[in-house]
Structures are given as C-alpha cells and as structure tokens.
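Each chain, written out:
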Amino acid sequence: MGAARAEIKVISTEIHRTAIVDPGARLGRDVSVGAYSVIGPYVTLGDGCRIYNHVTLAGHTTLGAQCQAFPGAALGLPPQDLKYKGELTRLEIGDANIFRETVTVHPGTSGGGFLTRIGSHNLFCVGSHIAHDCTIGDHCVLSNSVHLAGHVRVEDHVTFGGICGVHHFVTIGKHAMIGGLTRVATDVPPFMVYVAARTQPQVRMVNGVGLKRRGFSEPQIAALKIAYMRLFSRRARASGKPILESLEEILGEQPLDENVEYLCRFVLRSLAHGRQGRYLESLRQDKPRRG
C-alpha cells in the first residue's frame with residue numbers, strides 16, 4: 001500500500017473585482033478584500049486579514065495578522081489636527097484587532113511622535129474614534145461611539161461603556177472600567193471603575209469582576225479594595241486628608257502588593273507631575289500659553 005498523500009492547504013488572497021488595491025500595497029497570505037474597498041499604496045496587511053466591503057485603508061498604515069475591518073471603517077486618513085501639514089506619519093496596528101462599522105482611526109502628527117499605535121486583540125465597536133497620536137494597549141474594548149481625542153494613552157485590558165468622550169492627553173490605567181456616558185477629562189487610575197456622577201465623574205469602586213475574570217487572586221483584589229478605601233472612598237474624601245499624603249503612607253508600607261504600588265505610583269505621577277490631572281499634558285511638545 002503506497003504512502004498516504006499529504007494534504008496541501010492552498011492559501012490564497014481574494015480581492016473583489018470592484019475593490020481598488022494600489023499596486024504598492026503589501027498584502028499577506030489569505031487576505032480578503034470586499035467590494036468597493038480602497039487600499040492605498042503604503043498600506044500593509046498581515047496574514048489572514050479580512051477587509052469587508054466599503055472600507056478605506058490609507059496612509060502609512062500597517063495591520064498585523066488576523067485583523068478585521070467592517071463596512072464603513074476608515075483607517076489611516078489624515079488626522080483632524082489643524083497643525084497637520086501633510087507630514088509623513090504612521091498608524092501601526094497589531095494582531096487580531098476588530099474594527100466594526102464606521103470606526104475611524106487617524107495616524108500621528110509631528111506634535112505627538114508621528115505615530116498612532118494600537119496593540120493586539122482589541123475590539124472597536126460601531127462608531128468609535130481613535131484620534132491622532134493615541135496609544136492603545138492589548139485586550140481593550142471600546143463600545144459603541146467611544147471617542148478618544150488626540151494623544152490619549154490606554155493601557156491593557158481597559159473596557160469602555162458606550163458613548164464615552166476622552167479628553168486629549170488623558171491616560172487610562174490598565175484593567176480600568178469606564179462607565180457608559182462618562183466624560184473622561186483626567187487620568188483614570190488602573191484597576192478601578194470610573195463613572196459619571198451627579199457632580200463630576202469619579203472613581204466608584206475596584207473593578208473586581210473584571211479582575212476576577214482575568215485571573216487576579218482574592219488577596220490581590222482585597223489589597224486593591226483596601227487601597228481604594230484609603231484613597232477614593234467617600235470616607236477618604238470626607239476626612240480632609242490630602243490624597244498625596246495617603247499615597248506616600250501606602251508606598252512606605254512593607255510588604256506592599258505590586259498592584260497597589262502600581263496604582264499609587266500612577267496616581268502620584270498624575271497629581272504631582274501632571275497638569276490638570278493629566279500626566280501626558282506635562283510632556284506635550286507644544287506647551288499651551290497660560291493666561
């Protein structure tokens with residue numbers, strides 16, 4: 001009996017006849033491009049990308065492997081910054097990201113390092129917008145109509161409820177949860193739930209459900225809850241004790257849980273070195289005039 005024939009998997013790239021793909025674009029293996037989509041000359045698509053119909057990919061834009069862009073998504077078009085004068089800037093996107101209908105993502109500008117960067121395994125729901133010079137980590141979820149202004153930094157495992165607006169130069173810490181309809185104008189501490197309130201948005205609680213889903217232990221979550229009570233609870237605010245004093249006290253305690261230390265140093269940096277509670281504002285290259 002002869003040897004069994006090896007099964008050969010044919011990997012091909014499929015481009016709909018109505019799609020416009022510039023000859024300069026670089027497409028990986030097993031890429032599909034749907035009807036009436038337009039892909040510019042400096043675009044790179046990784047293996048297994050799925051570009052549905054009526055998608056625009058422009059500029060110096062790179063998508064990693066297994067990304068998906070749904071109808072109406074527009075990635076890499078010039079940023080909405082009046083200071084942008086056509087400089088060569090980039091949009092770099094990692095692997096396995098999903099861009100749902102009408103999502104828009106803009107490349108960087110000269111005032112922000114010429115780069116917008118998105119990590120891997122993120123979900124951008126319908127109508128969300130990522131402006132110029134943003135940096136987004138891995139495993140984030142932006143629900144419908146979440147809008148990030150320029151120069152925003154989002155760390156890993158952040159989840160946004162729907163219809164949130166994020167001020168430029170804001171940093172949102174890892175494993176944070178932003179409630180729906182929340183205006184985010186200051187840095188958001190990691191591991192916390194940040195929601196709209198009657199007076200102004202505030203830290204409401206530890207993101208215990210999210211942390212448990214991501215494998216945090218009960219002692220780790222309990223340590224963060226104690227830190228929350230000392231820093232952000234109603235009792236802590238009513239005590240009149242400066243939060244900077246509480247942060248220094250916690251950082252001086254031993255042993256100190258590594259997540260609590262990360263939380264405290266994040267908040268300390270935003271308050272002590274940031275401008276209006278936004279640390280990245282202190283690093284901006286075009287310092288605004290005060291007057």
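Residues numbered from 1 in each chain as written. Predicted model: local features only at pLDDT ≥ 70, side-chain atom pairs only at ≥ 80, totals over all residues. Heavy atoms only, no water.

**Considerations on helix α5 (residues 258-273)**
Under the 1.5 Å per step criterion, the end-to-end length of α5 is 22 Å for 16 residues, consistent within 8% with the ideal 22 Å. The complete set of buried residues in α5 reads N259, V260, L263, C264, F266, V267, L268 and S270. Residues of α5 that are buried sit in contact with β24 (171-172), β27 (192-195), α2 (218-231) and α4 (243-251). Structurally, the start of α5 carries an N-cap: the backbone nitrogen of N259 is 2.8 Å from a side-chain oxygen of D257. (Helix = DSSP H or I, 4+ residues; strand = E, 2+ residues; numbered from the N terminus. Expected span 1.5 Å × (residues − 1). Buried < 20%, exposed > 50% of the residue type's maximum accessible area, 1.4 Å probe, protein only. Contact = heavy atoms within 4.5 Å. Polar contact = N/O pair within 3.5 Å; in protein donor to acceptor, adjacent residues only side chain to side chain.)

**What about the pairing of strand β12 (residues 90-93)?**
The alternating pattern of β12 places L91 and I93 on a buried face, while none of R90 and E92, on the opposite face, is buried. By the bridge criterion, four bridges tie β12 to strand β15 (residues 115-118) in an arrangement that is parallel. In the sheet register, E92 faces β15, and the bridge partner there is R117. (Pairing = 2+ DSSP bridges.)

**Thoughts on the pairing of strand β9 (residues 60-63)**
Successive residues of a regular strand alternate their side chains across the two faces of the sheet. Here β9 shows one buried face, formed by T61 and L63, and one open face, formed by H60 and T62. Pairing analysis gives two bridges linking strand β6 (residues 44-45) to β9, with the strands arranged parallel. Bridging across to β9, T44 finds its partner in T62. With four bridges joining them, β9 and β12 adopt parallel strand pairing. Along β12, the bridge assignment pairs H60 with R90.

**Thoughts on the environment of S120**
Tracing the chain through its elements places S120 in the loop between β15 and β16 (123-124). The contacts of S120, once residues within four sequence positions are left out, are G94, D95, N97, G137, D138 and H139.

**Regarding the side chain of R284**
By secondary structure assignment, the location of R284 is in the segment after α5. On the accessibility criterion, R284 (15% relative accessible area) is buried. Side-chain polar atoms of R284 contact the side chain of E281, separated by 2.6 Å. The residues contacting R284, other than those within four sequence positions of it, are H168 and F169.

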